[in-house]
Amino acid sequence: MPAPLQMMANAIRALSMDAVHRAKSGHQGMPLGMADVATVLFTKFLKYDAARPDWADRDRFVLSAGHGSMLLYSLLHLTGVKAVTMAQIENFRQLGSNTPGHPEYGHTPGVETTTGPLGQGLATAVGMAMAEAHLAARFGPLVDHRTWVIAGDGCLMEGVSHEAISLAGRLKLNKLTVLFDNNDVTIDGVATISETGDQLARFKAAGWAVKAVDGHDYAKIAAAMRWATKQNRPTMIACKTIILKGAGPMEGDPHGHGYSLFDKEIADARVAMGWSAPPFVVPDEVLKPWRAAGRRGARVRKAWEAALAAAPARAEFERAMAGDLPADAFKTIDALIAKVEAEKPALATRQHSGAALEQLVPAIPEMIGGSADLTGSNNTIVKGTGTFDVGTYGGRYVHYGVREFGMAAAMNGMAVHGGVIPYSGTFLVFSDYSRPAIRLGALMGVRVIHVMTHDSIGVGEDGPTHQPVEHVASLRAIPNLNVYRPADGVEAAECWKLAVDSKTTPSVMALSRQKVPAVRTAVAGENLSARGAYQLAAAGHPAQVTIFASGTEVSVAMAARDLLEAQGIGARVVSTPCWELFDQQPTDYQAQVIGETEVRVAVEAGVRQGWDRFIGENGAFVGMSTFGASAPADVLYKHFGITAEAVAAAAKAKL
Ligand SMILES: Cc1ncc(C[n+]2csc(CCOP(=O)(O)OP(=O)(O)O)c2C)c(N)n1
Ligand SMILES: [Mg+2]
């Protein structure tokens, strides 16, 4: 009979083989290889209570190598997370199960973040460690936990791992530990066919403390983990493992990544492991120690709950972790809206956004801002906000450096950690760099706010490399992502209120570099942007034309309306700051806003894609169909024909 830890690890192996075999799909190579490391982590180190996998001060565990999901599901089941029953394990990868192909946040209790896109789990975990460090500074001993990551060769090959590792190293996030599944195998074969770098040296160069261990030696794994908890910087433990460990002749096979074991191979493996139980059965003598490991953290959790109950900051802590805004969160921004309505300043919408943040950030202590090295351009910092840095983790502004993807992934990690509301900035054109994390945030349904300034050819002289053309349309294509493109100061403040209040949908703020006139000149008395689209100006003459626009082109639409009205043609203008919110309105409201005029025109300094929703196939569109050019913004708008005259002419041509 193998030793107890060995038997416990073998339970992971048996369940992983059974589930993948039953599903006829999935990956057992990695769960078999990392079973020993995971067993040591979950039985000795992870601060975890299976009865309350969502307990606030638990350690976070991220399976960045998400294809090894059966490793995680096995651990959750074995430790006793109620929802992850054996029936769920038997239903691995099936519709309606809580054991989907890759771990999905919000789907399975105990799954901290969605993983599968390699590298992102690691980058997300950096955000979790940042949130922990910040909240520990804010709430003291109520917050004191670690973040553990399992990452494979693939995660470390991905470019985002560089951003994540260098940021974590710079910030000295010493409660972050990466367990590198150093099995030297990826899908195509041995890892050396595409990677010969020295990962230990690489992490070390980025400011991490590093160590290599035999990933099948329990004592050495435990010693390394203990060592990791004592470092003053993030730690990486390269665990030398054998893929498909336990699977007899297939052990260590260069094609073991997704190899589907045959019945006979599984039967032989069970014999070799001393595992006589039938499929999907864990013998009591193995289940018992696993369940005990799952209860290991209960005492710590209860002591923590008692400490929380007695803590003066209890209500604030609970509010922050629940993601509820302070009662008076919007008092000052509402005052700002009234002031902007009265004064009608002509500013760039990025400046209006900055003004909104000046009200929101002091009022909402959970907001943590930042920028990918474009702070001054993004208008993301509020004067007096301290920097989040080594020794000042209580600061609320992060200098992410030029790391758009790492920044967006870290924001996802902060959001799923809870207790903070992250926002950060870059240029809209570089949303392509952060897009995979924007998408994952939308899939997870988290509150993060991407401030994306310089949102069109209005960028001007920097030219087409810096001028987004297709970006607003392509972001609108992502489900569960609110893309805001406010027209002026009132809309910018309204959109910020909506974004901050949006618990389960991330937001993009597309904001201009160039100045725009105020278009919301009448006091509405309600947040019109919440409707997604609304009639900004009625027609003077009987309405023949409707002009739809967003952002900086709303003022173009208003000027076009003036031209048409002067010729006796009734024209109404609809501002569309957020299409996704418009889609959620009652159909009669949508019909009323779209209206029944003979002609519908849209103007937006981007591609047409998506606009047929408002103007129909026969509508006229004034915008971009090519890349931009390098010149002053006003010259470009004329050059590309995005003018009031062009909009009026397009309307008249359709009449
Ligand atoms: C961004 C991304 N690219 C590609 C894939 C497809 N994929 C899944 S696992 C894998 C190889 C992973 O190798 P490694 O991390 O070493 O895992 P192991 O084979 O050791 O289990 C690839 C290419 C993915 N999931 N994510
Ligand atoms: Mg590998």
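Here we summarise the structure given alongside this text.

Here is what the cut-offs are and how they apply
Residues numbered from 1 in each chain as written. Chains lettered and ligands numbered in written order. Predicted model: local features only at pLDDT ≥ 70, side-chain atom pairs only at ≥ 80, totals over all residues. Heavy atoms only, no water. 1 Å grid on protein atoms, 1.4 Å probe; cavity = no way out; pocket = protein on both sides within 12 Å on 5 of 7 lines; lining within 4 Å. Points joined across faces, edges and corners; volume = space filled by probe spheres on them. Nonpolar A, V, L, I, M, F, W, Y, C, P; charged D, E, K, R; others polar. Helix = DSSP H or I, 4+ residues; strand = E, 2+ residues; numbered from the N terminus. Expected span 1.5 Å × (residues − 1). Bend = angle between axes of the 7 residues up to and from the residue. Buried < 20%, exposed > 50% of the residue type's maximum accessible area, 1.4 Å probe, protein only. Contact = heavy atoms within 4.5 Å. Pairing = 2+ DSSP bridges. Axes fitted to C-alpha atoms, helices over the stretch in contact; angles between N-to-C directions. Parallel < 35°, antiparallel > 145°, perpendicular 65-115°, else oblique. Left-handed = near helix turned anticlockwise from the far one by under 90°. Donors = N, O, S within 2.8 Å, 3.2 Å for Na, K, Ca; no water.

1. Looking at empty space enclosed by the protein
In step 1: Taken as a whole and judged by the stated rule, the model has three cavities of 30 Å³ or more.
In step 2: Estimates place the volume of the largest cavity at around 60 Å³.
In step 3: Contributing to the lining of the largest cavity are Phe42, Leu46, Tyr48, Pro53, Asp59, Phe61, Leu72, Gly110 and Glu112.
In step 4: Classifying every residue of the lining of the largest cavity gives six nonpolar, one polar and two charged.

2. A look at helix 18 (residues 431–444)
In step 1: End to end, helix 18 covers 18 Å across 14 residues, agreeing with the expected 20 Å (1.5 Å per residue, within 8%).
In step 2: At Ala437, helix 18 is deflected by roughly 35°, the largest bend along its length.
In step 3: Those residues of helix 18 not exposed but buried are Ser431, Ser434, Ala437, Ile438, Leu440, Gly441, Ala442 and Met444.
In step 4: Close packing links the buried residues of helix 18 with helix 5 (120–139), helix 17 (404–417), strand 9 (421–427), strand 10 (449–453) and helix 19 (471–476).
In step 5: Immediately downstream of helix 18, the backbone of Gly445 shows phi near 75°, a positive value.

3. Re the sheet that holds strand 5 (residues 235–240)
In step 1: One open sheet accounts for five strands, arranged 1-2-3-5-4; its pairing is parallel. If you trace the sheet from one side to the other, it starts and ends with strand 1 (60–63) and strand 4 (209–214), each paired once. Here the average twist between neighbouring strands, direction ignored, is 20°.
In step 2: Taken together, the six bridges between strand 4 and strand 5 define a ladder with parallel strand orientation. Paired with Ala212 across the two strands is Ala238, which belongs to strand 5.
In step 3: Docked against the sheet, helix 2 (residues 29–45) engages strand 1, strand 2 (147–152), strand 3 (176–182) and strand 5, running at close to 150° with respect to strand 3.
In step 4: Sitting on the sheet, helix 9 (residues 218–228) touches strand 2, strand 3, strand 4 and strand 5, and the angle it makes with strand 4 is about 170°.

4. A look at the sheet that holds strand 12 (residues 507–510)
In step 1: Read from one edge to the other, the open sheet built from six strands follows the order 8-7-9-10-12-11, with strand pairing classed as parallel. Across the chains shown, the open sheet's two edge strands, defined by having one partner strand only, are strand 8 (397–399) and strand 11 (482–484). Pairwise comparison of adjacent strand axes, ignoring direction, gives a mean angle of 20° for this sheet.
In step 2: With four bridges connecting them, strand 10 and strand 12 associate as parallel partners. Directly across from Val451, in strand 12, lies its bridge partner Met509.
In step 3: Against the sheet, helix 15 (residues 349–363) makes contact with strand 7 (367–371), strand 9 and strand 10, and its axis sits at roughly 145° relative to strand 7, the strand it touches most.

5. Side note on the packing of helix 17 against helix 18
In step 1: In contact at an axis separation of 6 Å, helix 17 and helix 18 are set at 20° when each is read in the N-to-C sense. Taken together, helix 17 and helix 18 sit at an angle that is classed as roughly parallel. Relative to helix 18, helix 17 is oriented so that their crossing is right-handed. Along the contact surface, helix 17 presents Glu404, Phe405, Ala408, Ala409, Asn412 and Val416, while helix 18 presents Tyr433, Ser434, Pro436, Ala437, Leu440, Gly441 and Met444.
In step 2: Taken together, the residues of the contact of helix 17 with helix 18 sort by class into nine nonpolar, three polar and one charged.

6. Some words on the coordination of the magnesium ion (ligand 2)
In step 1: Each protein donor to the magnesium ion (ligand 2) is listed here as Asp153 (OD), Asn183 (OD1) and Val185 (O); together their distances run 2.0 to 2.1 Å.
In step 2: Taking the relative accessible area as the measure of exposure, Val185 reaches 9% and is therefore buried.

7. A look at the layout of surface pockets
The method is simple in principle: a probe with the dimensions of a water molecule rolls over the atoms, and the space it marks as empty is what remains.
In step 1: Space inside the largest pocket adds up to approximately 680 Å³.
In step 2: Together, 34 residues line the largest pocket, and Tyr105, Met321, Val416, His417 and Gly418 are the ones closest to its centre.
In step 3: Contributing elements (two or more residues each) for the lining of the largest pocket: helix 12 (298–310), helix 13 (314–322) and helix 17.
In step 4: Here the lining of the largest pocket gets four residues from one element, more than from any other, and that element is helix 13.
In step 5: Partitioning the lining of the largest pocket into residue classes produces 17 nonpolar, nine polar and eight charged.

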